[in-house]
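Each chain, letter by letter, is given below.
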Amino acid sequence: MKRILIVDDNEVFCSLIACLLVKLGYQVKTAGTAAEAKAVMRETSVDLVLLDHILPDLDGLDLLAILRIDYPDLPIIMMTGQDLDEGLMQSLVAGRALAYISKVAVYSRLLPSVEQALSVRQTAPCAYA
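These lines cover the structure that appears in this document, whether it is placed above or below. (Residues numbered from 1 in each chain as written. Predicted model: local features only at pLDDT ≥ 70, side-chain atom pairs only at ≥ 80, totals over all residues. Heavy atoms only, no water.)

1. Some thoughts on the overall build of the chain
To keep things clear, this is the line we draw: In this text, helices come from DSSP runs of H or I with a minimum length of four residues, and strands from runs of E with a minimum of two, each type numbered from the N-terminal end. Relative accessibility under 20% of the residue-type maximum defines a buried residue, over 50% an exposed one, and the middle range a partly exposed one, all with a 1.4 Å probe and only protein chains included. Residue contacts are counted whenever heavy atoms from the two residues lie within 4.5 Å of one another. All accessible areas in this document rest on Shrake-Rupley with a 1.4 Å probe, and a residue is counted as covered only by the protein chains that are shown.
Assigned secondary structure in the chain consists of 5 helices and 5 strands. For the chain, the α and β elements follow one another from N to C terminus as β-α-β-α-β-α-β-α-β-α. Expressed as a percentage of the 129 residues in the chain, the buried residues total 44%. Nonlocal contacts in the chain, meaning residues at least 24 apart in sequence, comprise 65% of its contacts between residues at least 6 apart. Accessible surface for the chain amounts to roughly 6,500 Å². Of this, 54% is attributable to carbon and sulfur atoms.

2. Digging into a negative patch on the surface
Going by this rule: Two distance rules govern patches: like charges are joined within 9 Å, and nonpolar side chains (Val, Leu, Ile, Met, Phe, Trp, Tyr) within 5 Å, applied only to residues with over 30% relative accessible area and no salt bridge. By convention in these notes, a salt bridge is any Lys or Arg side-chain nitrogen within 4 Å of a carboxyl oxygen on Asp or Glu. Residues scored as charged are limited to Lys and Arg (positive) and Asp and Glu (negative), so that His and the chain ends carry no count. The atom standing in for a charge is NZ when the residue is Lys, CZ when it is Arg, CG when it is Asp and CD when it is Glu.
On the surface, a cluster of negative charge is contributed by D9, E11, E36 and D57. Position of E11 among the secondary structure elements: in helix 1 (residues 11-23).

3. Structural notes on helix 3 (residues 60-70)
For clarity, the threshold we go by: As used here, the arc is the angular range of directions from the helix axis to the C-beta atoms.
Among all positions of helix 3, only G60, L61, L63, L64, L67 and R68 are buried. Taken end-on, helix 3 shows its buried residues confined to a sector of 155°, consistent with a single buried face.

4. Quick look at the pairing of strand 3 (residues 48-52)
Note the cut-off: Here the rule is simple: two strands pair whenever DSSP picks up at least two bridges between them.
Most of strand 3 sits out of view: 5 of its 5 residues are buried. Of the two faces of strand 3, the one lined by L48, L50 and D52 and the one lined by V49 and L51 are each fully buried. The pairing of strand 1 (residues 3-7) with strand 3 spans 4 bridges and is classified as parallel. Note on strand 3: the bridge partner recorded for L5 is V49.

5. Quick look at the environment of I4
Relative to the assigned elements, I4 resides in strand 1. Sequence spacing of I4 and Q27 is 23 residues, and the spatial spacing of their C-alpha atoms is 6.2 Å. Look past the residues within four positions of I4 in its chain and what remains in contact with it is L21, Y26, Q27, V28, K29, L48, L50, V114 and L118.

6. Regarding helix 2 (residues 34-43)
Of the positions making up helix 2, those classed as buried are A34, A37, V40 and M41. Seen along its axis, helix 2 keeps its buried residues to an arc of 120°; they face one direction. Among the exposed residues of helix 2, those oriented more than 90 degrees off its buried face are R42 and E43. The inward-facing, buried residues of helix 2 abut strand 1, strand 2 (27-31), strand 3 and helix 3.

7. Let's talk about the pairing of strand 2
The side chains of a regular strand alternate between both faces of the sheet. Basically, it comes down to this: Classification remark: right-handed applies to a crossover when, strands pointing away from the viewer, the course from the first strand over the helix to the second runs clockwise.
Strand direction decides the pairing type here: strand 1 and strand 2, joined by 5 bridges, are parallel. Bridge pairing links V7 to A31 in strand 2. Between the parallel pair strand 1 and strand 2, the chain is carried across by helix 1, and the sense of this crossover is right-handed.

Following this line, the structure appears as structure tokens:
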């Protein structure tokens, strides 16, 4: 069973997405801060990270950069409630994030992005398992 980590400080949004993914057959862990996300990553391996752009303790792009160093092959999908800004676009262009999803359109774009990310994960060697 594929494991997904959702990193988002909005508990309601996080719970809704987690429930949707669990119903679709995925194992889901959640974290409300970058520190919690790093702790989860130390404790268990995950196949995909859904990462909010704005976190209370660290910018999501900064956490993305940290995760890229520690887990270079891990698919990461950025999420935000804001308009796509230049920093997010640059992270996508640089290949650090697999996709960007606006929280406004999350329900229509989440499942296809998750399935695509996990299919990439199956073909890539696992650097941290």
